[in-house]
Amino acid sequence: MSIGPLSTLAMRETMRTQLLRTQQSFDQTTREVASGRHHDVGLVLGSSTSRAINARQMVSDIDSILDSNTLTNSRLSTAQSALSAAVEIANDFFETVVSIRQSGADRGLMVADARNMLGTMSTLLSATSNGAYVFGGANAGKPPFADYVNDPAQTARTAVTGAFTAEFGFGPDDPQAGQITAAQMQGYLGGSYAALFEDPAWGTSFSSASDGGIELRIAPHEVATSSFNANDKGIRMLVSTLVAAVDAGASQLDAETFDVFASTLAQNVSAAASEITRMQSRIGLLQERVTEASERMSLGRGMFERTIGSLENVDIGQASVRLNELATQLDTSYAVTARVQRLSILNYL
Amino acid sequence: MSLTLAYNIARSALTTSASRANVVSNNVANADNPDAARKTALVATGVGGTSHLVGIAGEVDRALFDRALESNAAKSQASALSQVLEQLAAVAGDPEAGGSPAQLIGGLKAALQTASSASHDEAALQGVLTAADALARGLNAASELNQRVRSQTNAELGSSITELRALLEDIEDVNRVIVGGTALGDTNLADDVDRRNGLVRSISGLVDVRVVMRGDNNMTLYLANGVTLFETSPRDIAFDASAPVLPGQPGPGLRIDGVPAQLGVGVGGKIGGLMIARDNELFKLGRQLDEIARGLIVSTAESDQSSAATLPDLAGLLTYGGGPALPPSGVVVDGLAGSIRVNANADPARGGALNRIRDGGISDPGAPGYNYNGTSGLAFNGRLIELIDSLASTQQFDPATGLASSPGGVQQYASTSAGWLNEQRRTSSEVDENQAVLADRALGAWQSRVGVNLDTELAALIALERSYQASTRLISSVNSMFDSLLDATR
């Protein structure tokens, strides 16, 4: 081994730069241990940063969809409970009509019942979720269905009584109604009266709901359409039955005509109930789809979280071991530096 | 042989010892000077056995010195580039911090998603507006930061070039002294050579300099690419630091000895690093930001919804200085990221209306063709979902931005750009670290070889002390011999 020259400056510089490097990695490792992430994520990951960013975006996308799915679910639940109440109304009214028809009790009871139920229907169909009218379709800004009896504008009622008058030549409450035959009544209910509940008359006088479906982005690549609203067939049938009970001269009809009238009402109302139940099951399917999508996304979210973790996080155990090693190294370096600096031939001269 | 001769020899030894002690003290004094080489007194035997100092020689190791210069240039280049890129960490440093364009686009997407499930809700639409505003401002800030860093880099380049000129002038002076001294046979030039080496080392921090020595101790400096930097006098270095640095255009050029240095190729050192940063990394990042801005304007553009569409597509939620017409497709528009902003027609604070975010018609509220919501229902959300989708739908981006063209929407492009930037940061910082180690080692090797070791000098001093003592003893002995002789003859 040859002994070359070694300058004092070079020796000291070497020690200094080594010390500086150790201190730098000590500082970085301390930060990594404290935060659990790389000291400078972008610097460590390089081009993989875009993968981390993509994963983070997927997570934020999923989070926002999960949020809006929660909103959607509460909207659908609101609709479900309103529809359940509507089915109950239909069933109650069915019982009322049947019992009055059999017992011949006061028809006024049926009319009063129907009036109340129309009020309830208006409340039910005006259900809101997060400030939007659930049954309004795209037109969620105003209640889709006014109270038939108590609506100050009386738009629907005027149309109904107008149709009655046009058909028979007198109003529904006119005692002449007693002369209407069963066949005439059936012709009316199936003809000009039924037309009131078809488009476009339904839209102008009863409902302001819009038929257009609402798109729901329920997963990053899945769009479902929610297409229920107050214009649904079941709701029209129920409303049409209740309105007929109120404004088709029920209290004036003779017994034979009333018998046919009541049985038509009973048939219609039970058909309405089953139609509304079908609507409920359609909404139920949508609810299930949303819930499933949310569950799927929660799983996917975990996967993306793991991707982020594996890219951005440091192994805390490893980092603390390294920190200990660096501390020891730093300690030794200080001790050695101090000793070497004290070493001088001057001390021995 | 006579006593007088012995006396003379001893006397010359005293002088020589004093001169050698002088050299030692010079060495000790310069132990901390990184450029100082260890000096050795050259002593020769003169007439009749006397000793004379004939000169002072400095340690020289050309090979190690060249290596130190070269690695210093490489280190400076890497560290200049790395430091410039470090300033851009704010654009896309940490994926967790939400300030990067890619994350801001994610924010807009999330706001659109929220609004799509509550499109009747003004607050949700306001959320979209706020997110779009944050995105536009984020891009403005990123573009402005990039442009500012680029201008600063250019300014730093200017001052580095001024420094280089000054150093070359200093070298001219020192070199003239050394060449003149060598020609006259001056033997005490070691300190000047140290000084010249120091200046060359400073230059190697600025450019990748190569040293060629001529016979008369005349130093010539070349760049790594062979362009002459200094030959007896400094060569011309032309650089217009006051020229503006415009987005999408290379900065002012540098000509050394009439040869243009494009993209810092062959220049090296800090000047080369700064040129590369200015005309490559920062230049490309600026264009990528412009492409992100263009992608966003195209993604949020509105098209004619009437059955027989006749109106052109116009800039919607996000527009720019040249709006509402869309920027030309597929090519970068320089400076676009600086002028992208939220359309005033969607902002109630500037006379717009929030519901246009849901219904369309931001581009031209007067033209019913741009209205997406036919029935004007409050729960209409088709346009919002279309916007979410269009942020992800594939677009054509200009390949002249340094990003490999990958299929994907503007969001994907933004995150690829963030990845690109961090890859540049990572590479430059890695090269910087490696070169720093190499440069330290090369410098250390040279300093070890030519530098001063205090212990050696002190040991030499003791030897000198002893020889001085011996010489004085000799003189006193000769003196007493003369005394005895004179006594004898009295």
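For the structure given in this document, a descriptive report is provided here.

**Digging into the overall build of chain B**
The helix and strand inventory of chain B stands at twelve helices and eleven strands. Taking 490 residues into account, the globule formula puts the C-alpha radius of gyration at 23 Å, and chain B, at 37 Å, lies well above it. Counting only C-alpha atoms and orienting by the principal axes, one finds that chain B spans roughly 145 × 40 × 35 Å. Put simply, chain B has 490 residues, and 49% of those count as buried. A fraction of 66% describes how many contacts in chain B between residues 6 or more apart in sequence connect residues 24 or more apart. As displayed, chain B offers around 20,500 Å² of accessible surface, 54% of which is attributable to carbon and sulfur atoms.

**Digging into the sheet that holds strand 6 (residues 233–234) of chain B**
All names here are of chain B. Ordered in space as 3-4-5-6, the four strands form an open sheet in which the pairing is antiparallel. With partners counted over all chains shown, the strands left at the sheet margins are strand 3 (209–213) and strand 6, one partner each. Relative to strand 5 (residues 228–231), strand 4 (residues 219–223) runs antiparallel, the two being bridged by three bridges. The partner of tyrosine 222 across the bridge, within strand 5, is threonine 228. Against the sheet, helix 2 (residues 62–86) contacts strand 3 and strand 4, and its axis sits at roughly 160° relative to strand 3. The sheet contacts of helix 5 (residues 122–184) involve strand 4, strand 5 and strand 6, and relative to strand 5 the element is tilted by about 30°.

**Some points on helix 1 (residues 3–29) of chain B**
Helix length check: helix 1 of chain B, at 27 residues, gives a terminal C-alpha distance of 39 Å against a target of 39 Å (1.5 Å per residue), a fit within 8%. Taken as a whole, helix 1 of chain B has its buried residues at Ala10, Ser12, Ala13, Leu14, Thr16, Ser17, Val23, Val24 and Asn27 of chain B.

**As for the packing of aromatic side chains**
Applying the stated rule across the entire model yields 17 aromatic pairs over all chains. Residues tyrosine 188 of chain A and tyrosine 193 of chain A carry aromatic rings whose centres are separated by 5.5 Å and whose planes lie at 50° to one another, so their mutual orientation is tilted. Comparing tyrosine 188 of chain A with tyrosine 193 of chain A, the two get one shared label, buried. Each member of the aromatic cluster is reached from another via a ring pair, and the members are Phe145, Tyr148, Phe164, Phe168, Phe170, Tyr188, Tyr193, Phe197, Trp202 and Phe206 of chain A. We note arginine 107 of chain A situated over the ring of phenylalanine 258 of chain A; from NZ or CZ to the ring centre the distance is 4.1 Å. Here the guanidinium or amino end of arginine 383 of chain B rests over the ring plane of tyrosine 372 of chain B, the centre of that ring lying 4.3 Å away.

**Some remarks on unusual backbone geometry**
Residues aspartate 199 of chain A and proline 200 of chain A are joined by a peptide bond in cis, for which omega reads 5°. One can find proline 200 of chain A in the loop between helix 7 (192–196) and helix 8 (201–206). Within the chain, threonine 232 of chain B stands out as a residue other than glycine whose phi angle is a positive 65°. Along the chain, threonine 232 of chain B turns up in the loop between strand 5 and strand 6. Threonine 232 of chain B gets classed as exposed once you look at its relative accessible area, which sits at 52%. A positive phi is found at aspartate 257 of chain B, a non-glycine position, where the angle reads about 55°. Assignment of secondary structure puts aspartate 257 of chain B in the loop between strand 8 (254–256) and strand 9 (259–260).

Here is what the cut-offs are and how they apply
- Residues numbered from 1 in each chain as written.
- Chains lettered and ligands numbered in written order.
- Predicted model: local features only at pLDDT ≥ 70, side-chain atom pairs only at ≥ 80, totals over all residues.
- Heavy atoms only, no water.
- Helix = DSSP H or I, 4+ residues; strand = E, 2+ residues; numbered from the N terminus.
- Rg over C-alpha atoms; globule rule 2.2 N^0.38 Å.
- Buried < 20%, exposed > 50% of the residue type's maximum accessible area, 1.4 Å probe, protein only.
- Contact = heavy atoms within 4.5 Å.
- Areas by Shrake-Rupley, 256 points an atom, 1.4 Å probe, with all protein chains shown as cover.
- Pairing = 2+ DSSP bridges.
- Axes fitted to C-alpha atoms, helices over the stretch in contact; angles between N-to-C directions.
- Expected span 1.5 Å × (residues − 1).
- Phe/Tyr/Trp six-rings, centres within 6.5 Å; stacked < 30°, edge-to-face > 60°.
- Lys NZ or Arg CZ within 6 Å of the ring centre and 35° of its normal.

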